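Structural overview
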Amino acid sequence: MNKQEFKMPKMGESITEGTIIEWHVNEGDSFEEGDILLEVATDKVDNEVPAPYSGNMVEHKFSNGDVVPIGKVIAILEASDVKSSNHAIGKSSSSPKKNKITEQSRNTNSSSKNQVTEPRSSTTSKSFKVNENIFISPLVDSIARKNHISYEELARIPGTGKDGRLRKSDVSEYIENGRPFKFAQNSHEGENPTFQVPNLKFDKGKGKIVEMDRMRQMIADHMVFSKHTSPHVTAYVEADLTEMVNWRNTNKIPFQEKYGERLTFTPLFVEAVAKAIKDFPMINSSLDGKNVIVKDEINIGMATALPSGNLIVPVVRNADKKNLKELAAATNELAGKARDNKLKADDTKGSTFTISNVGTFGSLMGTPIINQPEAAILAVGVIKKRAEVMEREEGDSIEIRQMMYLSLSFDHRIVDGYLAGSFLRRIADYMEKFDSNRKI
């Protein structure tokens, strides 16, 4: 036998890192070619990593929950029959053999998970300072995000590491103790702040316990992180979609007969947003430290509900370069994949701006949370008939119109009210001034 390095495999063109969900083969256990060594998550898509050959697991270089860059060594294997050094993901045997893991080794591994140890390797996240005194490592940052602990709360936890730095054990112990500083109030006295910790207990009531699945936990973490990261501001406008609605109702059947694609409102909304982004490119940006990255591509994410009720955001790439037929094909394909749970990692990567259609559920409007690291997100409400006062040359009149509210949540660090308001109004203008004589 000979020892081999096993690296984090490539999982898509735009995937640069993966999170280890669980090791299926423990250190010291044997495995056969095709056995699943571990599970890896990339955002909302999970992948099983098969063994490329038979052998023994010598050492795990990373633990469950660690974020690891593609190509990084994650384990040392002792190969008994090396057939390939290309550790590609998704090439598992159609009928993999059962792992040779004894119940005793499973119990040993389970108990070891409860022990708090320092990581053997760091993650790809950058370390940073919360304030002048608190230094946050990538591992501590990861734990804080998973438990919805803000940086302000982290700053209150006593650190036992060098120079008072927080260690994994400090944060784990703090969580086990019920997070006593969660509602602490900062009281400045001279140079040293103190925290008054109220004895708060909430009655959460009794009822059925429903455990959050992994995707729901990831959504929760992402939303809390977004609110902690970006100062959210929301602007609203309403748009008269009468011409667009009438055109779509007239042409949806001929459109499907000609192109074989359903004509929903989604590609029409994506088209209007892409046009407005070209007019206001700063909205298509992300913040990187003190720099603003204005994206070259316009990739529109479309928030889509899964059969489980969870939300996922597949991406229409280069939306500004697609005609209506191509936009309809792209949105229909992504929506279909979402319904059938067939979305791949690349389908949900690289969005630069997101649309959330809250009107699908009957909502008039919404205040969406920004899909990090984007600068803004648009919510479109239900299209509703209303009596509106219309100003005509011959005088004012009351007419029945198809009205819709649009709301834009934006990151006020990089987008001010003028830009956000102008961009939102431009989207509404494109929708209102829809060409009713447009040919399909």
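Scroll up to find the structure this text is about.
Residues numbered from 1 in each chain as written. Predicted model: local features only at pLDDT ≥ 70, side-chain atom pairs only at ≥ 80, totals over all residues. Heavy atoms only, no water.

**Quick notes on the overall build of the protein**
A tally of regular secondary structure across the protein gives nine helices and 23 strands. Counting every position in the protein, which comprises 440 residues, the buried fraction comes to 42%. Summarising the internal contacts of the protein: among those between residues at least 6 apart in sequence, 64% fall at separations of at least 24. (Helix = DSSP H or I, 4+ residues; strand = E, 2+ residues; numbered from the N terminus. Buried < 20%, exposed > 50% of the residue type's maximum accessible area, 1.4 Å probe, protein only. Contact = heavy atoms within 4.5 Å.)

**Overview of the packing of aromatic side chains**
Each aromatic ring pair is specified by the distance between its two centres and by the angle formed by the two planes. One pass over the full model with this rule turns up four aromatic pairs. When the ring centre of W247 is taken as origin, the NZ or CZ atom of R438, which lies over that ring, is 5.9 Å away. (Phe/Tyr/Trp six-rings, centres within 6.5 Å; stacked < 30°, edge-to-face > 60°. Lys NZ or Arg CZ within 6 Å of the ring centre and 35° of its normal.)

**Structural notes on the pattern of salt bridges**
Going through the model one piece at a time under the given rule, you end up with 14 salt bridges. In this structure, the salt-bridge partner of R386 is E388, at a minimum N-O distance of 3.2 Å. On the accessibility criterion, R386 (23% relative accessible area) is partly exposed. Residue E388 is classed as buried on the basis of its relative accessible area, which comes to 19%. Of the charged contacts, one joins R425 and D429 as a salt bridge, the two residues approaching to 3.1 Å between their closest N and O atoms. Separated by four residues within a single helix, R425 and D429 lie in helix α9 (residues 417-432), roughly one turn from each other. Through salt bridges with shared partners, a single ionic network connects D240, R392, E399 and R401. (Salt bridge = Lys/Arg side-chain N within 4 Å of Asp/Glu carboxyl O.)

**A short note on the pairing of strand β15 (residues 291-294)**
Strand direction decides the pairing type here: strand β14 (residues 285-288) and β15, joined by four bridges, are antiparallel. The residue of β15 that forms the bridge with L287 is V292. Here β14 hands over to β15 after two residues, with G289 in that stretch at a positive phi of 65 degrees. (Pairing = 2+ DSSP bridges.)

**Description of the packing of helix α6 (residues 242-259) against helix α8 (residues 324-339)**
One way to put it is that α6 packs onto α8 with a least axis distance of 12 Å and a crossing angle of 80 degrees. Compared by their axis directions, α6 and α8 come out roughly perpendicular. Contacts between α6 and α8 involve W247, F255 and Y259 on the former and, on the latter, L324, K325 and A328. Class assignment of the residues belonging to the contact of α6 with α8 gives a composition of five nonpolar, no polar and one charged. (Axes fitted to C-alpha atoms, helices over the stretch in contact; angles between N-to-C directions. Parallel < 35°, antiparallel > 145°, perpendicular 65-115°, else oblique. Nonpolar A, V, L, I, M, F, W, Y, C, P; charged D, E, K, R; others polar.)

**Re the environment of D46**
Tracing the backbone shows D46 in strand β5 (residues 45-50). Assessed through its relative accessible area of 39%, D46 is described here as partly exposed. Separated by 26 residues in sequence, D46 and I20 place their C-alpha atoms 9.7 Å apart. Setting aside residues no more than four positions away along its own chain, D46 makes contact with I21, V40, A41 and R214.

**Structural notes on unusual backbone geometry**
For the bond from Q372 to P373, the omega torsion is 5 degrees, close enough to zero to count as cis. Despite not being glycine, N318 has its phi angle at roughly 50 degrees, a positive value. Mapped onto the secondary structure, N318 falls in the loop between β19 (315-316) and α8. For N318, a relative accessible area of 24% corresponds to the partly exposed category. In this model, N341 sits at a positive phi of 55 degrees, which is unusual for a non-glycine residue. Structurally, the position occupied by N341 is in the loop between α8 and β20 (353-357).

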